[in-house]
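Observations on chain architecture
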Amino acid sequence: MKKLFGLLIAFALLSAIFYYSDVNNSVAADKAGCEAYIYIANNSMFECDLSIDGVGIGTLLVGKNKTYKVELLNDTPKKIKVKISYLNPDYIEPKSYYLLTKTKLECGQSDSMYIAHTN
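Quick caveat: nothing in here was measured; it's all calculated off a predicted structure.

What to know about the environment of Phe-46
With respect to the helices and strands, the residue Phe-46 is situated in the loop between strand 1 (34–42) and strand 2 (48–52). Each C-alpha atom of the pair Phe-46 and Tyr-86 lies 6.7 Å from the other, and the pair is 40 residues apart in sequence.

Encoded structure:
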C-alpha cells in the first residue's frame, strides 16, 4: 500500500511539472523559425530552373511568376540566394547565374526578383 501511495504521489508531481511548464516560453520555441516570401517573375525569353539556397524548386515558364515560401531558421534575417539555370540555344551546356535578395529578409517579409536574360 505504501508503494502504491508513493507511486501515485510521484506520478502527480511529474504530471504537475509537465502541465505547468509552458511550451511557448521554452528554449525550443525560440528556435522554431518563420517564413519569408519571394516573388519571382520570368520576363526572359527562356524557361528556367530555379533553386533557392541550394534546394531545387522547379521550372518557371516564360512570362510566368510565382511566390515561393522560404523557411528562416531561428528567426534570423538572411539574404536569400536564387540560382537560375536555363538552356540557351546558342550554347550546348546550360547557363546559370545567381540573384540575391536586396535586403536580409525577416519573418513575414517579402522581396521580388525579375528574371530578364536575353540572347
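Structure's up, so let's keep going.
Focus on the side chain of Asp-111
Tracing the chain through its elements places Asp-111 in strand 7 (residues 110–115). Those residues in contact with Asp-111, other than ones at most four positions away along the chain, are Tyr-37, Ile-38, Tyr-39, Thr-101, Lys-102, Thr-103 and Leu-105.

Things to note about the packing of aromatic side chains
Overall, the coordinates contain three aromatic pairs when judged by the stated rule. Measuring from ring centre to ring centre gives 6.2 Å for Tyr-39 and Tyr-114, while their planes differ by 70 degrees; the resulting arrangement is edge-to-face. Note that Tyr-39 is positioned in strand 1 and Tyr-114 in strand 7, a separation of 75 residues in sequence. By the ring-pair criterion, three or more aromatic residues cluster together here, those being Phe-46, Tyr-86 and Tyr-97. Above the ring of Tyr-98, the side-chain terminus of Lys-81 is found at 5.0 Å from the ring centroid.

A few points about the pattern of salt bridges
Should the charged atoms of two oppositely charged side chains come close, the side chains can pair. Applying the stated rule across the entire model yields three salt bridges. Across the pair Lys-78 and Asp-53 runs a salt bridge, and its minimum N-O distance is 3.0 Å. Taken together, the positions of Lys-78 in the loop between strand 4 (65–72) and strand 5 (81–86) and Asp-53 in the loop between strand 2 and strand 3 (55–60) put the pair 25 residues apart, joining distant regions of the chain. A salt bridge links Asp-111 to Lys-102; its shortest N-O distance comes to 3.2 Å.

Overview of the sheet that holds strand 4
Spatially, the three strands line up as an open sheet ordered 4-1-7, and their pairing is mixed. Edge strands, defined here as strands with exactly one partner in the open sheet, are strand 4 and strand 7. Direction aside, neighbouring strands of the sheet carry axes that sit 25 degrees apart on average.

Quick notes on the sheet that holds strand 5
Strands sit in the order 3-2-5-6 across an open sheet of four strands; the sheet is antiparallel. Edge positions in the open sheet fall to strand 3 and strand 6 (95–100), since each of these has one partner strand only. On average, each strand axis in the sheet is inclined to that of its neighbour by 25 degrees, with strand direction left out of account. In terms of strand pairing, strand 2 meets strand 5 through five bridges, oriented antiparallel. Residue pairing for strand 5: Leu-50 is matched across the bridge by Ile-84.

Conventions and cut-offs
- Residues numbered from 1 in each chain as written.
- Predicted model: local features only at pLDDT ≥ 70, side-chain atom pairs only at ≥ 80, totals over all residues.
- Heavy atoms only, no water.
- Helix = DSSP H or I, 4+ residues; strand = E, 2+ residues; numbered from the N terminus.
- Contact = heavy atoms within 4.5 Å.
- Phe/Tyr/Trp six-rings, centres within 6.5 Å; stacked < 30°, edge-to-face > 60°.
- Lys NZ or Arg CZ within 6 Å of the ring centre and 35° of its normal.
- Salt bridge = Lys/Arg side-chain N within 4 Å of Asp/Glu carboxyl O.
- Pairing = 2+ DSSP bridges.
- Axes fitted to C-alpha atoms, helices over the stretch in contact; angles between N-to-C directions.

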